[in-house]
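# Geometric and topological summary
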Amino acid sequence: MKNVRAQWFNQSWLYLKRILIVNVVFLFIGFLWRWAFMLTFGDSRELAPLSGDVFKAFVLGARFDGTVLFYINAIPLLLLLLFSLCSFWKGFAGILNPLFSRFSRFLIPYYTVMLFIVMFFSAVDFGFYSFYQDRINVLIFGYFEDDTWALTKTMWSNYPVVWIFLGLFLFTYLLWKGLKVNFTQGKEWWPAGVQKISYPIFVLFFFVLFVLNGIGARGSLALFPLSEMDTGISKSIFVNHLSFNGVRALTRAIELKSQQNSKWDSNLRHYGYGENYRKAFADFYQISEEQVPTDPLQLMKKTTPKNAWAEKTRPHVVLLVMESMGAYWFNYNQPDFNLLGDFEKHLQQDTYLTHFLSSTNATIGSLSCLMIGSPQRPISEFLTESSYLQVPFRSSPARVFKSAGYKARFLYGGNPGWREVNKFAFQQGFDAVDGENEIAEGLGEIKEKHDWGIYDEDLFNYVLKTLSDAKEPQFLLTMTTTNHPPYQLPSTYQAPPLNAPTELKNRLIGDAALAEKRFKTYRYSSDKLAEFMTKLKNSPLKDKVIVAITGDHTFWIVNFTEQELLQKGSVPFYLYLPDAIRKKLDPEAFGSQSDIPPTLYNLALSETPYYSLGRDLFDKTGDFAVNNSGLIVDRSGGVLTSGKAENDQPLDWEGSYERLVRGENTEHKKQLAVKYKSLMSILDYYFMKEKQDQKGPVDHADSSR
């Protein structure tokens, strides 16, 4: 039996070497394909000074290509492992012998089909990029969702379809012939020559091989597997695109598409408006349908008042989004559990709100909504993970500030390729997107990083440097990354003792040690934020910069009750204003992140038009807060809305804005529910119109209705 097993091992060794040849050849083909991609779509003038980045893109591209090949290798290796497991009994020899000896009969058609698929979608990706200037994304599914026949005719007219398919057919034929030669040729190199092998060693060999292949498919030995977020290696968006490949782009698009379950008018229909978007506008703006203009989006258009200080000063504006900074944790701040550190001093010196809701409970949702100054709809995908990825919105704060002569920059303390946020930022009018690599280059040296990027202190130093070096007014949307799992801290930082109160300890869920790491990282971010504000206030910038700070969402390590709906989603809103325009917000006011842009416009700009569905937070009337959970709250209480009015849950405050309990469905509560539902329905129409006007017609989108 052992001699037969050795024979099977030698045969398998031959197959493995032939598989290795296939992998090497296709990595080289991937290199040639990427080179052709660069020559076809790249601008030599742009790429000339970025030779180092281009080299990194080719190396990273080989890693992405390798992950695809390792996934393809997984099936043959799994089969060999299963065969080896059955070799313990000599009675299986009659079955295993032909399987091992004729395994090439499986490998030839298998690799022909799989590698054809790789090349087919690489060709599709090539054509997709030529049209959209992006690798395959969810827009590819529009081929089936829109007028398929019309799109087919368009492709027939614009692309040499016949020659493309003839080329694929020729490639497939040559591939099959090449694989046949490769797997059946008799030449041997580096022969195993095993004469005897035990069952455990035989199985272990194939098991280890399968595991190593799995590691290769992961693409990385780091905390996270190789993914599209790793493509953010350069300031050049094209170089970042160059490092990816069509198959990985397609799998990403499929993943995102599988998460999508809404149509453009899902909220309009869900909240009872059907096709009558004009009624939604009338309800939200509290006017009659007859008063709704022909273009309802004109109701969103506003103009900032004349502002002599803004005209003279042209202040920088910084909107800083702190990872996982929840307002709920402000309530627990005390001497022996001081989560805010010196930032508490700045809170008292300036002005802030805690009755404030983030757009969503997910970073990408809140961040993308801040980029367009909009709430997040309850029934919808995140903007960067939908067909709106490449739609420019007129309500984008970057676009508004640029119209007033500002330079708009998005600064991210991690890899801006994450969730394709860099692509979305450029579409919204940002002039520059600076991630961890650009920040490290700008600062000269960064000694330490964490798994998600650079530490907050380095990001804040880069913000100060950017403002100090600026020759024109800047709008900086900035996002930190430190306060995020796995909660790493720089070696130079020593967190003070944090003794959680007993009441909080009793509410904690999960591991206590992990909670402690969360609290220390929260304190670190607060400390570095305080240092940033202190430096700014002690610098020449103090009289010519406006700083707004909020969180992307809170974090959830306690059992929030049903009555703590506000606390569960609340984030702070802090505002620093120069002495010349210093004023205080009403600390009991309610607000949402879509209210931040109009507040900043009125402070920093003079007689500047803008589009917004938010309100100035200094407005003394009509304050309320919303998020995508269906919740709307104000000083009277709130409503947890649903599709049908009879299922809405009116809520009253118990205590000092501490708990929301079931209350009477007053006329005011009914109006609150209508406000929420009409707002979310308006967003359906607004998003559809932006997509239609900027990118062409969309399914079921008829602006004449």
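To be clear, the structure that these remarks concern was listed above.
Now for a quick tour of the structure. (Residues numbered from 1 in each chain as written. Predicted model: local features only at pLDDT ≥ 70, side-chain atom pairs only at ≥ 80, totals over all residues. Heavy atoms only, no water.)

### Here we look at unusual backbone geometry
A cis geometry characterises the amide bond from P485 onward to P486, with omega recorded as 10°. Within the secondary structure layout, P486 lies in the loop between β9 (474-479) and α21 (502-507). Phi at R419 takes a positive value of approximately 50°, unusual for a residue other than glycine. By the secondary structure assignment, R419 is in the loop between β5 (407-412) and α18 (421-427). Owing to a relative accessible area of 28%, R419 belongs among the partly exposed residues under this scheme. (Helix = DSSP H or I, 4+ residues; strand = E, 2+ residues; numbered from the N terminus. Buried < 20%, exposed > 50% of the residue type's maximum accessible area, 1.4 Å probe, protein only.)

### Observations regarding the packing of aromatic side chains
For the structure shown, the criterion picks out 59 aromatic pairs. Centre to centre, the rings of F64 and F244 are 4.9 Å apart; their planes meet at 85°, and the pair counts as edge-to-face. Pair noted here: F64 is in helix α3 (residues 51-85) and F244 is in the loop between α10 (237-242) and α11 (246-258), with a separation of 180 residues, a long-range link. By relative accessible area, which is 8% here, F244 ends up buried. (Phe/Tyr/Trp six-rings, centres within 6.5 Å; stacked < 30°, edge-to-face > 60°.)

### Examining helix α9 (residues 199-218)
Turn by turn, an α-helix covers 3.6 residues, leaving residues three or four places apart pointing in a common direction. Across its 20 residues, α9 extends 29 Å between first and last C-alpha, which sits within 8% of the 28 Å expected from 1.5 Å per residue. Taken together, the buried positions of α9 are occupied by F202, V203, F206, N213, G216 and A217. Considered in projection along α9, the buried side chains sweep an arc of 150° and stay on one side of the axis. Residues of α9 that are exposed and point over 90 degrees away from its buried face: P200 and L212. Just downstream of α9, G219 is the residue with a positive phi angle, here 80°. (Expected span 1.5 Å × (residues − 1). Arc of directions from axis to C-beta.)

### Let's talk about the packing of α3 against α9
Running from amino to carboxyl end, α3 crosses α9 at an angle of 165°, the nearest separation of the two axes being 9 Å. With respect to each other, α3 and α9 are oriented roughly antiparallel. Handedness of the crossing formed by α3 with α9: left-handed. The residues of α9 that touch α3, namely those facing T67, F70, Y71, N73, A74, L77, L78, L80, L81, S84 and L85, are Y199, F202, V203, F206, F207, L209, F210, N213, G216, A217 and R218. Grouping the constituent residues of the contact of α3 with α9 by class yields 16 nonpolar, five polar and one charged. (Axes fitted to C-alpha atoms, helices over the stretch in contact; angles between N-to-C directions. Parallel < 35°, antiparallel > 145°, perpendicular 65-115°, else oblique. Left-handed = near helix turned anticlockwise from the far one by under 90°. Contact = heavy atoms within 4.5 Å. Nonpolar A, V, L, I, M, F, W, Y, C, P; charged D, E, K, R; others polar.)

### Here's the deal with the pattern of salt bridges
Using the criterion set out here, one finds 34 salt bridges in the structure. For E385, the salt bridge is made with R419, and the minimal N-O distance between the two is 2.6 Å. Here E385 is found in the loop between α16 (363-372) and α17 (397-403), whereas its partner R419 is found in the loop between β5 and α18, with 34 residues between them in sequence. Judged by its relative accessible area of 5%, E385 falls in the buried class. A salt bridge links K689 to D693, with the nearest nitrogen and oxygen atoms 3.5 Å apart. With K689 and D693 both in helix α25 (residues 667-695) and four residues apart, the pair spans about one turn of that helix. One network of salt bridges, in which partners are shared, links E228, R252, E385 and R419. (Salt bridge = Lys/Arg side-chain N within 4 Å of Asp/Glu carboxyl O.)

### Re the pairing of strand β2 (residues 316-322)
The buried count for β2 comes to seven of seven residues, which makes it a mostly enclosed element. Of the two faces of β2, the one holding H316, V318, L320 and M322 and the one holding V317, L319 and V321 are both buried throughout. Where β2 meets strand β10 (residues 545-551), seven bridges bridge the pair, whose relative direction is parallel. The residue bridging H316 from the neighbouring strand is V545, located in β10. As judged from the five bridges shared by β2 and β9, these two strands associate in the parallel manner. Note on β9: the bridge partner recorded for L319 is L477. (Pairing = 2+ DSSP bridges.)

### A closer look at the sheet that holds strand β3 (residues 351-353)
Taken in spatial order, the seven strands of this open sheet run β3-β11-β10-β2-β9-β5-β6, and their pairing is mixed. Of all the strands in the sheet, just β3 and β6 (432-434) have a single pairing partner and so form its edges. Neighbouring strand axes in the sheet, compared pairwise and without regard to direction, differ in orientation by 15° on average. In the sheet, β10 pairs with strand β11 (residues 573-576) via four bridges, with the strands oriented antiparallel. By the bridge assignment, V547 is partnered in β11 with Y576. Strands β2, β5 and β9 of the sheet are contacted by α16, whose axis makes an angle of about 170° with β9. Contacts from helix α20 (residues 456-469) reach β2, β5, β6, β9 and β10, with the element oriented near 175° to β9.

### Comments concerning the side chain of T599
Relative to the elements of secondary structure, T599 occurs in helix α24 (residues 596-604). Non-local contacts of T599, meaning those with residues more than four positions away in its chain, are made with R615, D616, L617 and F618.

### Focus on α16
Most of α16 sits out of view: 10 of its 10 residues are buried. When α16 is considered as a whole, its buried residues turn out to be T363, I364, G365, S366, L367, S368, C369, L370, M371 and I372. In the segment just after α16, G373 is the residue with positive phi, at about 65°.

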